[in-house]
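Coordinate analysis (summary)
The chain contents come next:
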Amino acid sequence: MIASNLTGSPTVDLHCHSTASDGTLSPTEVVERGHEQGVGVLALTDHDTVAGVAEAMAVAQARGMVLISGIELSCLWRGQTIHVVGLDFDSGDPVLLDAVEQQERVRHERARTIDERLIRKGLPSVLEQARALAAGVPGRPHFARALVEQGVVPRSEAAFRRYLGNGKVGDIKACWPDLQEVVQWITRAGGQAVLAHPRKYRLTNTRLKRLISDFTAGGGNSIEVLSSGQSPQDTAYLARLCLESECSASGGSDFHGPGRHWCELGKLPQLPQELNPVWRSFSDHTRQRLEMLS
Ligand code: MN
Ligand code: MN
Ligand code: MN
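About the cut-offs
- Residues numbered from 1 in each chain as written.
- Chains lettered and ligands numbered in written order.
- Predicted model: local features only at pLDDT ≥ 70, side-chain atom pairs only at ≥ 80, totals over all residues.
- Heavy atoms only, no water.
- Pairing = 2+ DSSP bridges.
- Helix = DSSP H or I, 4+ residues; strand = E, 2+ residues; numbered from the N terminus.
- Axes fitted to C-alpha atoms, helices over the stretch in contact; angles between N-to-C directions.
- Donors = N, O, S within 2.8 Å, 3.2 Å for Na, K, Ca; no water.
- Buried < 20%, exposed > 50% of the residue type's maximum accessible area, 1.4 Å probe, protein only.
- Disulfide = S-S within 2.5 Å.
- Arc of directions from axis to C-beta.
- Contact = heavy atoms within 4.5 Å.
- Right-handed = clockwise from strand over helix to strand, strands pointing away.

Moving on to the sheet that holds strand S1 (residues 11–13). Reading across the sheet, the three strands line up as S1-S2-S3 and stay open at both edges, with parallel pairing between neighbours. Whereas interior strands pair on both sides, the edge strands pair on one side only; in this sheet they are S1 and strand S3 (66–68). On average, each strand axis in the sheet is inclined to that of its neighbour by 20 degrees, with strand direction left out of account. With three bridges joining them, S1 and strand S2 (residues 39–43) adopt parallel strand pairing. Following the sheet pairing, threonine 11 is matched in S2 by valine 39.

This is the structure:
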């Protein structure tokens, strides 16, 4: 049995990105890097796409790792953008694939809107450049890099601070589906719906509790208790909310590539012992593969 708290159990990382969305490493490179870092169980959770999962699956198999099907879906909750990670779903589920295709259209549309808004601000169009930097649909990080290449800003951070960050002109969030809807896509495809990095939304504790209660009312059943750059106090607080809401617990680096923004793949603390790890709810088939690892 794999447990969260035993030394010698495989290192688990259930949240990371590749060039299939806004990561800087290809799916193959992400898995290889995970392997080098001693990760035994990895979920590739690109934004609104499963385009990298098949490639990652093949590499993981060759390396004796278990790759969990994954995705990170954007959605709206009371006017706020929220991220829900889907884990261990049937990646051939027609409803989910349809929904993902729709999300992709939304992201393309959003990219065009970001570009238009930047142009209206007097900046040059960088849509083509952003597209070239992205393997899939360009997101804000690609726009940021394109603006650096154009010499508009010295660094990506400045692009976010001035044009792309929360509340800025290039922060487009009105087009995502509802929280409950994306939770349903995941659970109906047999997956676990995980509320991603709950501390990153900067909600008050009261509002965070309301989010979790809406999330679980809609069928969500897991909370990402461990995430990059989180204080031990935040982790302890999320562990408490996890128990109170009877959710299972997940954890992931949210690795997007080498650099100082994200912790390394697999380099997370252990899940607090009293929590129920999300992988105990994975499909029988996946759990059998996990048991063979330990
Ligand atoms: Mn991202
Ligand atoms: Mn996210
Ligand atoms: Mn992420």
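Picking up where we left off.
Every protein donor of the manganese ion (ligand 2) is accounted for by Glu72 (OE), His83 (ND1) and His197 (NE2), and the metal-donor separations fall at 2.1 to 2.2 Å. Sequence positions of the residues that donate to the manganese ion (ligand 2) give the spacing E-x10-H-x113-H. Separating the manganese ion (ligand 2) from the manganese ion (ligand 1) is a distance of 5.7 Å. Of the two residues, glutamate 72 is situated in strand S4 (residues 70–77) and histidine 197 in the loop between strand S6 (192–195) and helix H8 (205–217); the sequence distance between them amounts to 125 residues. The two residues glutamate 72 and histidine 197 agree in class, both being buried.

Bringing the state of the cysteines into the picture now. Scanning all chains against the criterion turns up zero disulfides. Just so you know, cysteine 247 is unpaired, no disulfide at all, and the nearest cysteine sulfur is the one on cysteine 242, 5.8 Å from it. Relative accessible area serves as the criterion here: at 8%, cysteine 247 is assigned to the buried category.

By the burial criterion, the buried members of helix H7 (residues 179–188) are Leu179, Val182, Val183, Trp185 and Ile186. The buried residues of H7 occupy an angular sector of 155 degrees when projected down its axis, which confines them to one face. Where H7 is buried, its residues touch S4, strand S5 (80–87), helix H3 (94–120), S6 and H8. Just past H7, the residue glycine 190 takes up positive phi, approximately 80 degrees.

Once that is clear, we can look at unusual backbone geometry. Phi is positive for arginine 78, which is not a glycine, with a value near 45 degrees. Relative to the elements of secondary structure, arginine 78 occurs in the loop between S4 and S5. A positive phi angle, close to 55 degrees, is found at arginine 202, a residue other than glycine.

All of the protein donors around the manganese ion (ligand 1) are Asp22 (OD), His47 (NE2) and His256 (NE2); their distances to the metal are 2.1 to 2.2 Å. Along the chain, the residues donating to the manganese ion (ligand 1) fall in the pattern D-x24-H-x208-H.

Now for the pairing of strand S7 (residues 222–226). Counted residue by residue, S7 has five buried out of five residues, so it is predominantly covered. Two elements, S6 and S7, share two bridges in a ladder whose sense is parallel. Residue pairing in the sheet places leucine 195 in a bridge with isoleucine 223 of S7. Handedness of the crossover joining S6 and S7 through H8 is recorded here as right-handed. Pairing of S7 with strand S8 (residues 248–251), which is carried by four bridges, proceeds in the parallel orientation. Bridge assignment links isoleucine 223 to a residue of S8, and that residue is alanine 249.

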